[in-house]
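Each chain, written out:
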Amino acid sequence: MAVPTKEIRISRWYFGGIASMCAACCTHPLDLIKVHLQTQLKADLGMAGMAKKLLKSDGFLAFYNGLSASLLRQLTYSTTRFGIYETMKNNFSTPGQPLPFYKSIMFAAVSGAVGGAMATVRAVFVTIGQLAFYDQFKLILVNYFNMGDNLGTHFSASISAGAVATLLTQPLDVLKTRLMNNSGEGLGVAVKSLMTVGPSAFFKGFVPAFIRLGPHTILTFVFLEQIRQNFGIVTRVPDNKKQ
């Protein structure tokens with residue numbers, strides 16, 4: 001008896017880089033405003049006020065100053081980490097079967113380490129939070145909540161992955177900021193000082209951090225899924241639901 005099969009589309013290795021570049025085009029104005037807010041001498045303008053000031057003084061194109069550098073970063077960094085992750089996932093998984101979560105984390109960690117030019121710890125945790133957890137959240141939504149492979153699922157999984165990526169990296173960002181502002185303070189002293197306040201000290205500024213990372217994560221996976229569904233490699237895998 002022939003095994004029932006279904007047709008699916010899988011991502012090409014470079015789709016992640018293209019999706020990340022598309023996302024960068026949408027979120028670059030937010031990053032630019034954030035930089036201006038951080039460098040203003042007097043903290044008298046909020047995000048809306050700074051946006052209005054930039055628009056009035058330099059025009060709409062001012063929101064895209066430095067976009068080429070941002071696109072170059074996504075072209076190199078994101079293409080590498082998505083490419084390695086997708087390649088490992090496609091070569092070390094059983095067709096038609098979900099990839100075990102621990103393997104997703106392993107593959108994402110390797111991809112983040114290679115993608116980050118200096119193999120930074122933050123790059124590893126960002127990639128685990130985004131790629132491994134996105135796949136896991138999507139699997140849960142499709143298999144346990146009967147959601148289809150559609151925009152609603154992609155949005156829900158990506159916003160959850162963005163939250164996890166922020167959660168994983170925020171303690172590192174807090175420590176980095178603490179060390180930069182107190183040059184004479186060692187890592188051990190900084191950790192001990194934060195612990196006196198409590199674990200919540202490591203997640204100070206979580207909301208602004210998520211506002212920065214969340215939209216880019218959401219748009220990256222929404223674009224990636226649309227590219228995959230329209231231009232992905234067509235293959236057939238066993239349809240377990242019909243067996």
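One can find the structure itself at the top, above this paragraph.
The structure displayed is predicted, hence computed values, not measured ones.

**Student:** Would you mind going over the side chain of Lys 138 in detail, with residue names and values included?
**Tutor:** By the element assignment, Lys 138 lies in helix H5 (residues 121-144). For Lys 138, a relative accessible area of 16% gives the class buried. Setting aside chain neighbours within four positions, we find Lys 138 in contact with Asp 149, Thr 153, His 154, Ala 157, Glu 225 and Arg 228.

**Student:** Tell me about the environment of Pro 215, residues and numbers included.
**Tutor:** Structurally, Pro 215 can be placed in helix H8 (residues 206-231). The sequence separation of Pro 215 and Ile 159 amounts to 56 residues, and the corresponding C-alpha distance is 7.9 Å. Dropping the residues within four chain positions of it, Pro 215 is found in contact with Thr 27 and Phe 210.

**Student:** So, the packing of helix H3 (residues 67-91) against helix H4 (residues 101-115): which residues are in play, and what are the values?
**Tutor:** At a minimum axis distance of 8 Å, the contact between H3 and H4 shows a crossing angle of 150°. On the basis of the axis angle, H3 is roughly antiparallel to H4. For the element pair H3 and H4, the recorded crossing hand is right-handed. Residues Tyr 77, Thr 80, Arg 81, Ile 84, Tyr 85, Met 88 and Lys 89 of H3 touch H4, and the partners they reach there are Ser 104, Phe 107, Ala 108, Val 110, Ser 111, Gly 112, Val 114 and Gly 115. The class makeup of the residues in the contact of H3 with H4 is 8 nonpolar, 5 polar and 2 charged.

**Student:** Describe unusual backbone geometry, listing the residues and the values that go with them.
**Tutor:** Positive phi values are uncommon outside glycine, yet Asn 146 reaches one of about 55°. As for its position among the elements, Asn 146 is in the loop between H5 and helix H6 (151-181). Overall, Asn 146 belongs to the exposed group, its relative accessible area being 68%.

What counts, and at which threshold
Residues numbered from 1 in each chain as written. Predicted model: local features only at pLDDT ≥ 70, side-chain atom pairs only at ≥ 80, totals over all residues. Heavy atoms only, no water. Helix = DSSP H or I, 4+ residues; strand = E, 2+ residues; numbered from the N terminus. Buried < 20%, exposed > 50% of the residue type's maximum accessible area, 1.4 Å probe, protein only. Contact = heavy atoms within 4.5 Å. Axes fitted to C-alpha atoms, helices over the stretch in contact; angles between N-to-C directions. Parallel < 35°, antiparallel > 145°, perpendicular 65-115°, else oblique. Left-handed = near helix turned anticlockwise from the far one by under 90°. Nonpolar A, V, L, I, M, F, W, Y, C, P; charged D, E, K, R; others polar.

Keep in mind these numbers describe shape, not what the thing actually does.
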